[in-house]
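Given next are the chains, with one letter for each unit.
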Amino acid sequence: MNVKIENVEKNVVQLEIEVDAAKFEEGMKRSFFKNAKKFNIPGFRRGKAPRSIIERYYGEQVFYEDAINYVCPEAYDEAIKENNIHPVDRPEIDIKQIGSGENLIFTAKVTVKPEVELGEYKGVEVKKAEVVVTDDDVENELKRIVERNARLVTVEDRPVQSGDIAVIDFEGFIDGTPFEGGKGENYNLVIGSGQFIPGFEDQLIGANAGDEVDVNVTFPEDYGNKELAGKPALFKVKVNEIKFKELPVVDDEFAKDVSEFETLDEYKADLRKKLTEAAEHRAKHETEEKVIEKVVENAVVDIPRVMVERQIDNLVYDLDLRLRYQGMNLKSYLEYQGIDESSFREQFSERAEKEVKTQLVIEKIKEVENIDASEEEMKEEIKKLAENYKEEPEAFENRLKEEDKDYIKDNLIVRKTIDFLVDNAKLV
């Protein structure tokens, strides 16, 4: 197999690949065996006519498509591997010469990974993120835990007041006509939370359980659903039940109930410890982000648009997945937001470009600094993952496919490269 390579434009190369006639003949034979039953030749049972007879009737071209599909992908993969080419998109294939007894010649035009020109990446100066946990932080965390352990108590002797949970049925109307999404039953609405349209919750204050209330509001001008934005609406609301949160007394007994500690002071000390560990983790991540951002800023790379589009695909897919977990999908989300898919994708463009550049720069630094993962480091990483999945390391490793191990190794090398950059940065 002969390969000629030409740079046709920035980050785009064209390979002219010449495949031996014998190899193309293998493809023609495979194509014949696959398609023989499709041809009805007089004097032969279907599928029993020799290849030479079929070619005489229909021309050998009837076998070209599958022969190309057998031969070209393998030849292309071999060509890019031997010539150390890193495509980032599918190639455009163009057949230049084809025929029995002849070498197959085709071109493959493909976008490739761009060259990265590194700037300063060792010794970059960034401000180190601080780790501070105050008494207020501990008290606020304790308040959140107290809230989670609050008991809901039904109110029977007074009307709704701010801070209550009103269990309501409601239906919304515009000009006397119900609108889509404006109806709910037994909805738990925290009065004063701002969950509903401004003015809605205030109009329920003073209502008793069993009361039916007319709530008049106007949708904000910037409301997500443009069909409702700026329009006045009437909601028919029935208050089914009123509840309030009864908070537990915060003392040693509370500490015993929610933790393994005997006293409130011991529990607070543990909260401070956990908050400090979390703050240290955030500070480490923030410092890494600052170093990476500075290093990426210093680098120069011309990113092909196709790489940005692929990253946008990933970001949109992730969002769609999260929406599905919430009972929605991307289509209904876009309709609700009143935005078309093209404009929506464009919102991700800057972020996607930044993420692609970061990936390329880290890969280049890894290459320049010869950063790799040893067998011992891989063993340790697999052991940690096995612990996360509560499995024995050996059994966990035996389940891994080669592509799984490659993925684990790639992530490990990226982390080592980031550690290298932080270790060599000037943290002030």
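In what follows, the accompanying structure is described. These numbers come from a predicted model, not from an experiment. The numbering scheme is per chain: residues are counted from 1 as the chain's sequence reads. Restriction of local features to residues with pLDDT of at least 70 applies here, the model being predicted, together with a cutoff of 80 or more for giving and counting side-chain atom pairs; totals for whole chains, interfaces and linings are based on all residues. For side-chain calculations, the full set of non-hydrogen atoms in the structure is used, while hydrogens and water are omitted.

Considerations on the overall build of the protein chain
Helices and strands together make up the secondary structure of the protein chain, namely 13 helices and 13 strands. Computation of the radius of gyration draws on C-alpha atoms alone. For the globule rule, the value is 2.2 Å times the number of residues to the power 0.38. A compact globule built from 428 residues should have a C-alpha radius of gyration of about 22 Å, whereas the protein chain, at 33 Å, is more than 25% larger. A buried classification covers 36% of the 428 residues belonging to the protein chain. Residues count as neighbours in contact if any of their non-hydrogen atoms are within 4.5 Å of one another. If you take every contact in the protein chain between residues at least 6 apart in sequence, the share linking residues at least 24 apart comes to 66%. All accessibility values rest on the Shrake-Rupley procedure with a 1.4 Å probe; residue burial counts only the protein chains present in the view. Accessible surface, the protein chain: about 27200 Å² in total, of which carbon and sulfur atoms supply 45%. Just so you know, the count uses Lys and Arg for positive and Asp and Glu for negative, and it drops His and the chain ends. A charge is said to be at NZ when it belongs to Lys, at CZ for Arg, at CG for Asp and at CD for Glu. Side-chain charges of the protein chain comprise 64 positive and 97 negative groups, with the mean position of each set lying 5 Å from the other. Starting at the N terminus, helices and strands are each numbered in turn, a helix being any DSSP run of H or I of at least four residues and a strand any DSSP run of E of at least two. Using a 1.4 Å probe on the protein chains alone, a residue whose accessible area is under 20% of its type maximum counts as buried, one over 50% counts as exposed, and one in between counts as partly exposed.

Looking at the packing of aromatic side chains
Aromatic pairing here means that ring centres of Phe, Tyr or Trp (its six-membered ring) are within 6.5 Å. Orientation follows from the plane angle: under 30 degrees is stacked, over 60 is edge-to-face, and everything else is tilted. This structure, assessed with the given rule, holds 18 aromatic pairs. An angle of 85 degrees between the planes, with centres 5.9 Å apart, marks the rings of Phe32 and Phe63 as edge-to-face. Here the residue Phe32 occupies a position in helix H1 (residues 21-35), and Phe63 occupies one in the loop between helix H2 (51-58) and helix H3 (64-82), the gap between them amounting to 31 residues. Exposure remark for Phe32: the relative accessible area of 13% places this residue in the buried category.

Observations concerning the pattern of salt bridges
Think of a salt bridge as a Lys or Arg side-chain nitrogen and an Asp or Glu carboxyl oxygen that are within 4 Å of each other. Scanning the entire structure with this criterion turns up 33 salt bridges. One salt bridge in this structure joins Glu262 and Lys256, with 3.9 Å as the shortest N-O distance. Residue Lys416 pairs with Glu377 through a salt bridge whose shortest N-O separation is 3.0 Å. Of this pair, Lys416 sits in helix H13 (residues 402-423) while Glu377 sits in helix H11 (residues 375-388), placing them 39 residues apart in sequence. One continuous salt-bridge network, built from bridges that share partners, spans Arg305, Glu309, Asp313 and Arg345.

Some thoughts on the pairing of strand S9 (residues 177-190)
Being paired, for any two strands, means DSSP has found at least two bridges between them. Two elements, strand S8 (residues 165-174) and S9, share eight bridges in a ladder whose sense is antiparallel. By the bridge assignment, Ala166 is partnered in S9 with Leu189. What sits between S8 and S9 in their antiparallel hairpin is a turn of two residues, with Asp175 showing a positive phi close to 55 degrees.

Some details on the environment of Lys416
For Lys416, a relative accessible area of 25% gives the class partly exposed. Taking the C-alpha atoms as reference points, Lys416 and Glu115, 301 residues apart in sequence, are found 22 Å from one another. Apart from residues lying up to four places away in sequence, Lys416 is in contact with Ile371, Asp372, Ala373 and Glu377. N or O atoms within 3.5 Å of each other form a polar contact, as long as, within protein, one can give a hydrogen and the other can take it, and as long as residues adjacent in sequence are counted only when both atoms are side-chain atoms. A polar side-chain atom of Lys416 sits 2.6 Å from the main-chain carbonyl oxygen of Asp372.

Some words on unusual backbone geometry
In this model, Asp175 sits at a positive phi of 55 degrees, which is unusual for a non-glycine residue. Positionally, Asp175 belongs in the loop between S8 and S9. The class for Asp175 is exposed, based on a relative accessible area of 77%. A positive phi angle, close to 55 degrees, is found at Asn370, a residue other than glycine. Mapped onto the elements of the fold, Asn370 is located in the loop between helix H10 (349-368) and H11. Since its relative accessible area comes to 65%, Asn370 is described here as exposed.

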